[in-house]
Amino acid sequence: MDAAKLYLGKKDQLIIGVMAQVGLYGGAVAYTVTAASSVNAILKASCHHREGPDALCEYGDSFYILLFGFIQILVSQIPDFHSMRWLSVSAAVMSFSYSFIGIGLGLEKVIENGTIKGSMTGVPGSDLSSKLWAAFTALGDIAFSYPFSLILLEIEDTLKSPPPENKTMKAASVTAVSITTFFYICCGCVGYAAFGDDTPGNLLAGIGFYEHYWLVGFANACIVFHLVGGYQIYAQAVFATAERLFTEKYPNSRLLEKSYSVHFPWLSALRTNLFRLSFRTTYVASATAIAIYFPYFNSVIGVLGAVNFWPLVVYFPVEMYCVQRRIEAWSREWILLRAFSITGLIISVMGTIGSIEELISAKLS
């Protein structure tokens, strides 16, 4: 928000502020849905191992969504980004763990099948419109893959110098994007090669790995632990904004005056106040309630990814870059950046349409 105000003015600051907070809130909903589906996958893998691959192993998501929400209410009392290093490192380790497991299991399945399933045209639809909806939803899912731009500057603000924070953040961003792209492409391609048109939206929460139920269970447990940390990485940005605005408007409020200690097993006590406790609890509770009402993994992620992709990942960063570098209108660089922005807009529109259609269909079915 401060960067938008500096380069684009107060009007754009307000717009990007609202959209960023909504995007971060939507991320909390998506993480909650994903965590519940991973817990569900652990139970299903164990059930199919006991009862066989044809057994009807169905478990509801609501209880596990509530359980994840309760855990987040507790973890949300962590004061700020500076106090989250241990959680961030643990989440990163879990992310590498389940990614390698997913790729390994997929490769084993391809070898077991003796052939590469799927086709260049993808999953067939019953008609042209259903194929288009599915393709549009996929664009939304892909757009959700890189939401880190929402908190890039907040993370950079926690870095120490020297070296300069922007140089450190640039190197970290290039490394992170390269690694995540590698894993996304490997998991997507290997999963489709292993299962073809039956590939589940969530590879490790899907089908076909019952003989390795313990490994699937461990991988999904890693996902849940990663999501506990990932949820907080995004939520802390919202908490910081809300608490700063409240402190500026009501500096003498009783909600800020008195502090309390929250104790966790094996960890040092955390200090909190009534505003922090009530706002963060309400925030997590409302995101949990929405996740219960819309527990649809692919469509929820598609909607959130598509809606936020163009304005927050493409448009505003490009506009700020143009102002910062004083790029002349109709220069070659200006034309390329505008073409890039328009392409991002088209992807966002198509992804939003397809994901909303799938979300409505899932809710009504």
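Here is what the cut-offs are and how they apply
Residues numbered from 1 in each chain as written. Predicted model: local features only at pLDDT ≥ 70, side-chain atom pairs only at ≥ 80, totals over all residues. Heavy atoms only, no water. UniProt positions renumbered as here; feature names shortened; annotations may be inferred. Axes fitted to C-alpha atoms, helices over the stretch in contact; angles between N-to-C directions. Helix = DSSP H or I, 4+ residues; strand = E, 2+ residues; numbered from the N terminus. Parallel < 35°, antiparallel > 145°, perpendicular 65-115°, else oblique. Left-handed = near helix turned anticlockwise from the far one by under 90°. Contact = heavy atoms within 4.5 Å. Nonpolar A, V, L, I, M, F, W, Y, C, P; charged D, E, K, R; others polar. Buried < 20%, exposed > 50% of the residue type's maximum accessible area, 1.4 Å probe, protein only. Polar contact = N/O pair within 3.5 Å; in protein donor to acceptor, adjacent residues only side chain to side chain. Core = buried A, V, L, I, M, F, W, Y, C linked by side-chain atoms within 4.5 Å.

Recorded in UniProt for the protein chain, the comment headed Subcellular location (unreviewed entry) runs: "Membrane".

Caption draft 1: A look at the packing of helix 8 (residues 213-249) against helix 10 (residues 274-293). As a packed pair, helix 8 and helix 10 sit with axes 11 Å apart at the nearest point and diverge in direction by 135°. The orientation of helix 8 relative to helix 10 falls into the category oblique. Of the two elements, helix 8 crosses helix 10, and the hand of that crossing is right-handed. Residues Y231, A235, Q236, V238, F239, A242, E243 and F246 of helix 8 form the contact with helix 10, whose participating residues are F275, R276, F279, R280, Y283, V284 and A287. A class-by-class count of the residues in the contact of helix 8 with helix 10 yields 11 nonpolar, 1 polar and 3 charged.

Caption draft 2: View of the environment of S130. With respect to the element layout, S130 can be found in helix 5 (residues 128-143). Owing to a relative accessible area of 24%, S130 belongs among the partly exposed residues under this scheme. Residues S130 and G354, spaced 224 residues apart in sequence, show a C-alpha to C-alpha distance of 9.5 Å. For S130, the side chain forms a polar contact with the main-chain oxygen of D127, separated by 2.9 Å.

Caption draft 3: How the structure looks around the nonpolar core. Of all hydrophobic cores here, the largest spans 51 residues; its most connected members are L24, I151, Y231 and Y283. Mapped onto this core, the elements with two or more residues apiece are helix 1 (2-8), helix 2 (10-51), helix 3 (62-75), helix 4 (85-113), helix 8, helix 10 and helix 11 (297-325). Considering every element that reaches this core, the biggest residue donor is helix 8, with 13 residues. Dropping the residues within four chain positions of it, Y283 is found in contact with L24, Y25, A28, Y231, A235, V238 and F239. Residues A143, F309, V314 and W334 belong to the second largest nonpolar core, which totals 8 residues.

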